[in-house]
Each structure stands twice: as C-alpha cells, then as structure tokens.
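Descriptive structure summary
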Amino acid sequence: MKRRFLTRGSICLAAVLAVTFVLGGSNIDVTRAETAFDSQRLSQTKPGEGWEWTLDYMDVPEAWNLIDEIKPRQMRKESDKIIVATLDTGIDTSHPDLQANLNKEHCVSVAGKTAPYPTYQTPKFPHGTKTAGIIAATSGNGKGISGVAAGNDNDLISLMGVNVFQDKQYTAQSSASTKDIIKGLNYACDHGARVINMCLGHSPGAKDLSGKKHNDKALEKAINDAVYNKNVVIVCSAGNHNNEKTWYPSDFDATISVISTQKYKNAWSRHTKAPSSNYGKKKDLSAPGDAIYTTTLGGAYVSGFGTSYAAPSVAAVAALMLYVNPNLKAREVKEILCSTATDLYTPGSDRYTGSGNVNAYRAVAAAAGRRIQTNAEALPQPEAKAQSDGRHTIKVSWDRIPQANGYWIYRAAEKNGHYKRIKQIRKGDQRYFLDPKRKFNKNYFYKVKAYGTTEDGKKMVSDFSSAAAAKARGSGKVAALKCKTINYKTIALSWKQTKNADGYVVYRKTANQGAYKPVKTISKNTTTKWRNSKLRPGKTYSYKVCSYRVVSGKRYYGEASEIKTGTARPARPAVTISKKGASITLKWKKVPQASGYKIYRSQGSSSKWKQVHKKGANGRTYVNKGLIKGRKYRYKVVAYKRIHGKTVYSAYSAIKAKRI
C-alpha cells in the first residue's frame, strides 16, 4: 500500500522562475532554475499532487506515529527537544513556515566575527533557509511543506541556524573559511546541539572566498572532537559533481556523508542516484534530493536539486532517533541509519547509493528498541515454461508481471536440486531468455523470479515460479501451424521453417480420446507444407508437427507444435451482396466438387435462420425479390457434397446483410 502524508497543502506551480545556486556544489553553480512559489497560493492548493513524495520514500509519517506511540504528547517536555544546528548561510527567521521549530536566539553569524556572536533576521543568501525547511518546516499548518523532524505536533526539535559564510559574496560551497566553520562547530556544540547539518564542502587544495587554502587537518580534528568527544552527530552533503573524487568534510570518517537520490521507479537500478550527485566508497547512505520543495527567503518556496536537499533529511531522522533514545552515541546513530536504510541498486551497500535511502520508520524503531513489521510487498508469482530452441539452446519464457522491473532466471540439473541464478533480465516487459551452450539431449530445470518497486520506492520480489523442464533437443519447436480445409477429402497444413531441423514428422488423430500417429515424414528442412488427402468426408482430424535433427545416425525430436483441427468437407463459400430496389442479390465463387448450395435468411439479429433457396452445382447467384422497405435482411450460404448417400456440408459463409 502506498504511504501518503496529506495534512499539508500542496505546492502550486506558479510561473515565477528564479535561478539560484545548486545546493551542495562548488564553484559558481547556476546550472538549474528553481521554481519560486507564492505562499498564499500554496495554502490554497489541494493535497496529493506529489510535492512531498520524499516523506513517503523515507517512511516519515510512520516514524512520527511511532514516536507518538513511544512517547505520548502529554508526557513531553520542552527540555526533551533535540537541538539541531545548520552550519550554512543562515535562516530567514521571519519565514511563516519555520516559526514552530526555530530557536531565533541561536540563529547567529560567526563568519569574520568574535564571540559573543550577533543574531540576524534575514540573511543575504537563501541556501540555509532551504536546508532549514527540509529539517524543520512546520507540519499541520496548511502551508508549504513539512520538515522531516517536525513530527505531528512540532514539539520534537529546536533548530539553530549558524551562518558560517561571510555576507560579501556566496559564490560556492567552498566560500566559508575553515576558521569560520570550526567556530560554527564549536558554537553549536557549546549550545547543546546533538545533530549538526553541514551542506558545504570543497575538494582537497581548494581555497575559501578570501583565497586562503582550506586547512583540512584542522577541520577534521574539530569534527572528530565533536563526534567522538562531545557525542554530536554530523551530517554532510556529498557534493554535486557526479564523480567519486574526495569531498570534504563529507569524506571524513566521523561524518555521515549523504548521496542524493531521485524519484525513481526502479529501486534495483543504479539510476536511483540523482544524476548530479557525487558517490563512492566514502559516502554512507542516501536521501531524496531531486525535485524537492522547500522554504526560501521572503516567505516563499522553491523547488530544486542537490545533495544539500538530501543531507538535511538524514540529519532530521538522526534527531528523531535521539528524541526516542537520547543515550545513543553518535557512532551508534550512524550505524543504525545505515543498517535500517531502504536498500537500493545491488543488495547491501554500493558506491552509487551507499546503504540506500534513509528510512525514518525503521531507524526510529531500532533506536527505541522496537520490533516492527517490515514485511516487503510481494509481486505475483510468474508462470515459467521451457522448450528446446535448437541443438544446444533452451528457451525459457514466462508471463509478464505488472510492476516488474525485471526478472531473475535460475537453473538446476535436477528438479529438486540447487537452483543457481544464471541471468538477470533488466526489462519488465521482456518475457523470454535463451540459454545457449547446453549439453545435447540433457534435461535442465528452470525457475523464474520477478523483482520490482513499490509506489513509495521499496524493493519487492515474487516467489519462485514452479520448475519448468526442457532438453536441448535436435531442433526447435514448430511454430505457426495452420490447418485449412481444401475440399471434402483434403486438408492442407503449413508451418514456419524451424531452426536446425533436418525434417518434420506430421502426427494425426481422428478420435477425441485417440492417440496421435505419424502420417507423414518430411526429410527436408525447407518443406513446410503438406496436403493430407483421401480423408473421410465429414470427419474431423487433429494434427501436430514435430521437427527433428539427425545426430550420429539417430533422430532427435524437438517440441511438438500447437494442435490444430480441420474437417474434411467442401470449402467455405465466399459470398458478396448487393441490392437494387426491393431485391437483394447474393453471388459466390464455385466451391470445387460441391454438389450444390443452400441459402439461409434471417430478418433482424433476433430472427431465426430459415432456408430460402437451394442451388445446384452450377449455381453462382441468388436474387431475393419482393422484400419489404425499411427491413434489414441477413444471409449466409453453405456448400454441400453428396457422396455414398451421405451429405457433407461446408462451414457457413460469412454473414452478409443489407437494409432495403
């Protein structure tokens, strides 16, 4: 079932475009336009348009409800709130959607200043206001968005916004000096922060705004002190260059480095990662960071992308974990976040998504020591078939499973033996796989599993199909068998040429419960038709055809074709119809060896059929005169053959109709 949090108003896509800095990048990142929204229009729009898809992908509503269960509202105190700090460009403290969870007293600027640091109201740059909204925007107020750490009642966290960037110019994530970042870290730790979000960064050797090279050793030492000695969780954006190059402070061991993911439909693909996001072994886990709506300066909202849209969600989940268990160590928070993440791409950790998307519900439950139901949704079980497709090839096929992203194919030497995965099909609409280089005439067993993605980004898998068996026989299955009546004693068969075949054998039976017997052997691969003559008039026959291949003087047969039936009787008449005045004329071509024809008529779709005329062997035309104006007449014709005192009829012609 899809999880949806709908207590908020939806984002209305206003027509105002504002080019802003890409979050979590470096140098001058103005590569993408972000859409600005008017707050009044936001409050007037309807919910459910997908603007808070990230909450579903991270199971945030379930986490909030679990917190309410663990610690009911009436038991909460102001001192229980977890203090979260953002080291950024500062927060618009007048934004209407940030009032419930913002501690304005601790929104200070440290860049280029000495303690006591001054507070601010409206910063010059919007970056910090955007990251703040993802963490702490007010929930349940009918405006804008819901911050991941807001909870159902906005009483779980207290957010401080520490401005570490000088107001001269914000050109890149590397603009803040190492000295000012360390001052911000110390201020946050000294004022009780348990979680610090740092959406800034630089590559080794980069310089700050003043042209001074970053001191990475000093920065790592300060971060290590905060994490290991002061027990503060530090979350960092991984950067937006779509590479694995080193990015600080994200790649320091003590931090939690966050990759950005997009709104994917295939949780098994490496493209769950947002196109711009950095990745690599030094990154820890992921969070949604593409097409994210959040707060910005002037009480407005924007949509954008970047790892700075992803990292705040992880910082927020860390705060929720500490709310239910404030005794957790920083390293334990990191371990739980990674071990409870929603797995993406390959099983377990990988370089493109780390441990997967942060999962608030599972992380909070683990922090609180709660056991929760985490049964994954299951896809329907495929039905598998296997058949020879040549001398050394077996074709495995299955029915298409809706919502499948792909399929896994397994093979065993025995029906109840060990099934080993031999192939991954990465297309949900593919329905077969050719298994080549099989031992000739040996039996192989196959099973198929489907895998897919839930509507809120979780992996799901089907059960195994039942086992399907086939031998790598001499040739493939005969396809497209057709059966056509020629006359009262002849039926024609035709089929497609079969790969690797040396010839074909035609099998026939006449009784419903009888056995098929070979009636014709064709020793040429290119001969794909045969007429069965001298049949008993009026008798129905069933046919199937097998191809064969000769190896070392022995004949090996492929899979039999589908069964087709035909009756030895006159050919079906081909009739045309026309009208003139109150008359309708039927014409037909001569049916070979027919003794005559019978014409049937019906007046309207509900009227019974009646024979209205009979023609001899040379009859080709029937004119029905004196018909009633406005009435519709329908006709059909049957040919017949009299032989040995018995009448054998053809199939009826197609029904023809005219209105007078």
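Quick summary incoming for the structure in this document. (Residues numbered from 1 in each chain as written. Predicted model: local features only at pLDDT ≥ 70, side-chain atom pairs only at ≥ 80, totals over all residues. Heavy atoms only, no water.)

Looking only at helices and strands, the protein chain has 9 helices and 35 strands in total. Against the globule reference of 26 Å for 660 residues, the protein chain gives a C-alpha radius of gyration of 38 Å, more extended than a compact globule. Expressed as lengths along the three principal axes of its C-alpha atoms, the size of the protein chain is roughly 120 × 75 × 50 Å. Taking the average place of the 111 positive charges on the side chains of the protein chain and the average place of its 47 negative ones, the gap between the two points comes to 28 Å. (Helix = DSSP H or I, 4+ residues; strand = E, 2+ residues; numbered from the N terminus. Rg over C-alpha atoms; globule rule 2.2 N^0.38 Å. Lys, Arg positive; Asp, Glu negative; His and termini not counted. Charge placed at Lys NZ, Arg CZ, Asp CG, Glu CD.)

Moving on, we come to the packing of helix 5 (residues 178-190) against helix 6 (residues 216-229). Put simply, helix 5 and helix 6 touch, their axes get as near as 10 Å, and they point 10° apart. Relative to helix 6, the element helix 5 lies roughly parallel. Counting all contacts with helix 5, which are made through T178, I181, I182, L185 and C189, the residues of helix 6 involved are A218, L219, A222, I223 and A226. Taken together, the residues that form the contact of helix 5 with helix 6 break down as 9 nonpolar, 1 polar and no charged. (Axes fitted to C-alpha atoms, helices over the stretch in contact; angles between N-to-C directions. Parallel < 35°, antiparallel > 145°, perpendicular 65-115°, else oblique. Contact = heavy atoms within 4.5 Å. Nonpolar A, V, L, I, M, F, W, Y, C, P; charged D, E, K, R; others polar.)

Moving on to the side chain of T272. Considering the arrangement of structural elements, one finds T272 in the loop between strand 8 (256-261) and strand 9 (285-288). Other than its neighbours up to four places away in sequence, T272 contacts T261, Q262, Y264, N266, A267, L344 and T353.

Glancing now at helix 5. Taking 1.5 Å as the rise per residue, helix 5 with 13 residues should run 18 Å; its terminal C-alpha atoms sit 18 Å apart, in good agreement. Buried residues dominate helix 5, accounting for 10 of its 13 residues. Of the positions making up helix 5, those classed as buried are T178, D180, I181, I182, K183, G184, L185, Y187, A188 and C189. In this fold, the buried residues of helix 5 make contact with strand 3 (82-88), strand 4 (108-109), strand 5 (157-163), strand 6 (195-198), helix 6 and strand 7 (233-237). Once helix 5 finishes, G192 follows within two positions and takes phi at roughly 90°, a positive value. (Expected span 1.5 Å × (residues − 1). Buried < 20%, exposed > 50% of the residue type's maximum accessible area, 1.4 Å probe, protein only.)

All right, on to unusual backbone geometry then. A cis amide bond links A115 with the next residue in sequence, P116, at an omega value of -5°. Residue position: P116 is located in the loop between strand 4 and helix 4 (127-136). Residue P249 is reached from Y248 by a cis peptide bond, and omega for that bond is 5°. Checked against the element boundaries, P249 lands in the loop between strand 7 and strand 8. The phi dihedral of Q403 falls on the positive side, at around 75°, and the residue is not glycine. Within the fold, Q403 resides in the loop between strand 13 (394-398) and strand 14 (404-412). Although it is not a glycine, K437 sits at a positive phi angle of roughly 60°.

Another aspect to go through is the side chain of T255. Examined against the element boundaries, T255 turns out to sit in the loop between strand 7 and strand 8. Residue class for T255 comes out buried when judged on its relative accessible area of 0%. One polar contact links the side chain of T255 to the main-chain carbonyl oxygen of S250, over a distance of 2.9 Å. When near neighbours in sequence (up to four residues on either side) are disregarded, T255 contacts I223, I234, C236, P249, S250, D284 and K334. (Polar contact = N/O pair within 3.5 Å; in protein donor to acceptor, adjacent residues only side chain to side chain.)

Before going further, it helps to spend a moment on the pattern of salt bridges. Inspection of every chain in the model, using the stated rule, returns 20 salt bridges. As a salt-bridge pair, D153 and R73 come within 2.3 Å of each other at their nearest N and O atoms. You can see D153 sitting in the loop between helix 4 and strand 5 and its partner R73 sitting in the loop between helix 3 (60-70) and strand 3, a full 80 residues away along the chain. A relative accessible area of 36% means that D153 is categorised as partly exposed. R73 gets classed as partly exposed once you look at its relative accessible area, which sits at 44%. For D251, the salt bridge identified is with K283, shortest N-O distance 2.9 Å. Taken as a pair, D251 in the loop between strand 7 and strand 8 and K283 in the loop between strand 8 and strand 9 lie far apart in primary sequence, 32 residues in all. (Salt bridge = Lys/Arg side-chain N within 4 Å of Asp/Glu carboxyl O.)

Quick look at the packing of helix 4 against helix 7 (residues 307-324) now. At a minimum axis separation of 8 Å, helix 4 and helix 7 run at an interaxial angle of 40°. Considered as vectors, helix 4 and helix 7 are oriented oblique to each other. For the crossing formed where helix 4 meets helix 7, the hand is right-handed. Across the interface between the two elements, H127, K130, T131, I134 and I135 of helix 4 pack against S308, Y309, P312, S313 and A316 of helix 7. Residue composition of the contact of helix 4 with helix 7, grouped by class: 5 nonpolar, 4 polar and 1 charged. (Left-handed = near helix turned anticlockwise from the far one by under 90°.)

Here we come to the sheet that holds strand 3. Reading across the sheet, the 7 strands line up as 4-5-3-6-7-8-9 and stay open at both edges, with parallel pairing between neighbours. Strands with a single pairing partner mark the edges of an open sheet, and in this sheet they are strand 4 and strand 9. Against the sheet, helix 4 contacts strand 3, strand 5 and strand 6, and its axis sits at roughly 155° relative to strand 3. (Pairing = 2+ DSSP bridges.)

Next up on the list: the packing of aromatic side chains. Applying the stated criterion across every chain, the model contains 17 aromatic pairs. Taking the centre distance of 5.5 Å and the plane angle of 50° together, the rings of W588 and Y597 count as tilted. When sorted by exposure, W588 lands in the same class as Y597, which is buried. These aromatic residues form a ring-pair network of at least three members: W53, Y57 and Y264. (Phe/Tyr/Trp six-rings, centres within 6.5 Å; stacked < 30°, edge-to-face > 60°.)

For a regular strand, side chains alternate in direction, first toward one face of the sheet and then toward the other. By the bridge criterion, 5 bridges tie strand 20 (residues 482-487) to strand 21 (residues 490-494) in an arrangement that is antiparallel. Across the sheet, the residue bridging to C483 is L493, located in strand 21. Between strand 20 and the antiparallel strand that follows it, strand 21, lie 2 residues.

Judged by nonpolar contacts, the single largest core of 88 residues is most densely connected at I196, I234 and L337. Those residues in contact with I196 that lie beyond four places of it in its chain are A85, L87, L185, A188, C189, V232, V233, I234 and V235. If you look at the next biggest cluster of nonpolar residues, it comprises 20 residues, including A384, Y407, Y444 and Y446. (Core = buried A, V, L, I, M, F, W, Y, C linked by side-chain atoms within 4.5 Å.)

This brings us to helix 3. Where burial is concerned, most of helix 3 is hidden: 8 out of the 11 residues are buried. On the buried face of helix 3, the contacting elements are helix 2 (53-57), helix 7 and helix 9 (360-368).

The next point concerns the environment of G538. Relative to the helices and strands, G538 resides in the loop between strand 24 (529-532) and strand 25 (540-551). Sequence spacing of G538 and G142 is 396 residues, and the spatial spacing of their C-alpha atoms is 78 Å. Setting aside residues up to four positions removed in sequence, G538 forms contacts with T567, A568 and V648.

As a further point, take the environment of K615. You can see K615 is positioned in strand 31 (residues 610-616). Residues K615 and S595, 20 residues apart in the sequence, show an inter-C-alpha distance of 9.0 Å. Within the local environment of K615, its side chain forms a polar contact with the backbone oxygen of T621, the two atoms lying 3.0 Å apart.

So, about the sheet that holds strand 28 (residues 575-580). The strand order 28-29-32 describes an open sheet built from 3 strands, whose pairing is antiparallel. Pairing within the sheet leaves two strands with one partner each, and these edge strands are strand 28 and strand 32 (621-624). Each strand of the sheet is rotated relative to its neighbour by a mean of 15°, with strand direction disregarded. Summarising the sheet, strand 28 and strand 29 (residues 583-588) pair through 6 bridges and their orientation is antiparallel. Pairing of K580 across the sheet is with S583, part of strand 29.

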